[in-house]
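This is what each chain is made of:
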Amino acid sequence: MIVGEQKPIAEIKAIVKPYKKLLILGCGTCVKTCFAGGEDEVAVLASALRLSFKKDGKAIDIAEYTIERQCENEFIQEAAKVIAQNDSVLSLACGAGVQAIARRFAKIPVLPGVNTTFLGVLERQGFFTEECTGCGNCVLGIFGGICPITRCAKKLLNGPCGGSQKGYCEIKAETECAWHLIIDRSKSLGQLNNLTTYVPPKDWRSSNSGGPRRLVREDHII
Amino acid sequence: MEPNYKPKIALFHCINSFNEGLFLPLNGRVDVALNVIRLACSSMIKDIVLLKAFEAGADAVLVMVCPEGQCRYVEGNIRAKKRTQWVKSLLDEIGLDGRRLSISHMSLQDTDAPEQIIQETLAVLNDLGPNPAV
């Protein structure tokens, strides 16, 4: 899932200040799960902004609406009517959702209310970890299902750096050493031999380094 | 502060933390508009509920829950505490002052505690004044 966190209220207030009719638009998928932009977070942010602006003596109408996904036109259409009734939209989706809304409503400013952080996993309620960089060329099959690109601070592909302490990273003490995990898991899978094969330097052309990427599935395009 | 100012306090409480009848005599003794909201368990306290109380005009919001480790539903009061603390920080962030919101642990035997907490809250309001977002 995409993990994000809501921007500080002061920053949001500064972003929405020029507008009189603001729609806070939630997204009911990834950012809902990480408590950044679902229906509940929309309600709390709207209430907090109303209180804060009222205290400042600024008149602003704040409307609330949440759709299932802001990155799909099918769901965006559901919000078209309420978007048209406002002079600005504060999107609590990830960056993709913000842009998907913006490109469909040319005359309404669409503003970000969330900082999109990483692709991650819900470890337990309220705790998320980064697991994928979206490099475009997955190597998890070699490394026992643990990604050294994302989870090793040095992105090492041919063994550990030697600096880890009791299974934890020397760069960030609370982070498990990816290579410690890779070796343990490869052992338990009986696939330690996988790690004896030299892995050449990663070809980053499939990553975002080559500019924005596209995925085309001809079989689904009519 | 206006001379006829009568503080408005919204009080959310778990039905297992004290007897609501305690407020009947209190209303006569203390000049306060008290809006009491009973909850089956303090886990029903949500961020938005606390904020809506301020939007509705409360000058202060109190949350009264069972003592730690004594929640009938195991962790309701822990959830209430965490959510209340989060909203307190939000109130500070938006300039309403987190002191307007407080949470207290109490049991049915603490018959003096509710009035004492309300008196303390009134003292805080004396310092802060009315809800500036009304």
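Residues numbered from 1 in each chain as written. Chains lettered and ligands numbered in written order. Predicted model: local features only at pLDDT ≥ 70, side-chain atom pairs only at ≥ 80, totals over all residues.

### Examining unusual backbone geometry
All names here are of chain A.
Part 1 of the reasoning: In this structure, phenylalanine 35 takes a positive phi of about 60° despite not being glycine.
Part 2 of the reasoning: Looking at the element boundaries, phenylalanine 35 is found in the loop between helix H2 (30-33) and helix H3 (39-56).
Part 3 of the reasoning: Despite not being glycine, lysine 155 has its phi angle at roughly 55°, a positive value.
Part 4 of the reasoning: Note that lysine 155 resides in the loop between helix H6 (148-151) and helix H7 (178-189).
Part 5 of the reasoning: Under the C-beta neighbour-count criterion, lysine 155 is labelled partly exposed, with 14 such atoms within 10 Å. (Helix = DSSP H or I, 4+ residues; strand = E, 2+ residues; numbered from the N terminus. Buried ≥ 20, exposed ≤ 12 C-beta atoms within 10 Å, placed from the backbone.)

### A few points about the packing of H3 of chain A against helix H2 (residues 47-55) of chain B
Axes are the key here: two packed helices are described by the angle between their axes and the distance separating the axes.
Part 1 of the reasoning: For the pair H3 of chain A and H2 of chain B, the least separation of the axes is 9 Å and the interaxial angle reads 25°. The angle between H3 of chain A and H2 of chain B falls in the class roughly parallel. Note on packing geometry: the crossing formed by H3 of chain A with H2 of chain B is left-handed. Side by side, H3 of chain A and H2 of chain B meet where Asp40, Ala43, Val44, Ser47, Ala48, Arg50 and Leu51 of chain A of the first sit next to Asp47, Ile48, Leu51, Lys52, Phe54 and Glu55 of chain B of the second. (Axes fitted to C-alpha atoms, helices over the stretch in contact; angles between N-to-C directions. Parallel < 35°, antiparallel > 145°, perpendicular 65-115°, else oblique. Left-handed = near helix turned anticlockwise from the far one by under 90°. Contact = placed C-beta atoms within 7 Å.)

### Details of the domain arrangement of chain A
Part 1 of the reasoning: For chain A, the domain assignment lists domain 1 (2-118) and domain 2 (133-206).
Part 2 of the reasoning: Using C-alpha coordinates to define each centre, domain 1 of chain A is positioned 38 Å away from domain 2 of chain A. (Domains from an automatic or database assignment.)

### Description of the sheet that holds strand S6 (residues 114-124) of chain A
Residues and elements named next belong to chain A.
Part 1 of the reasoning: Taken in spatial order, the 3 strands of this open sheet run S1-S6-S7, and their pairing is antiparallel. For this open sheet the edge positions go to strand S1 (2-6) and strand S7 (127-132), each flanked by a neighbour on one side alone. Strand-to-strand twist across the sheet, computed as the mean angle between neighbouring axes with direction ignored, equals 70°.
Part 2 of the reasoning: Note: S6 against S7, 5 bridges, orientation antiparallel. In the sheet register, valine 121 faces S7, and the bridge partner there is threonine 129. (Pairing = 2+ DSSP bridges.)

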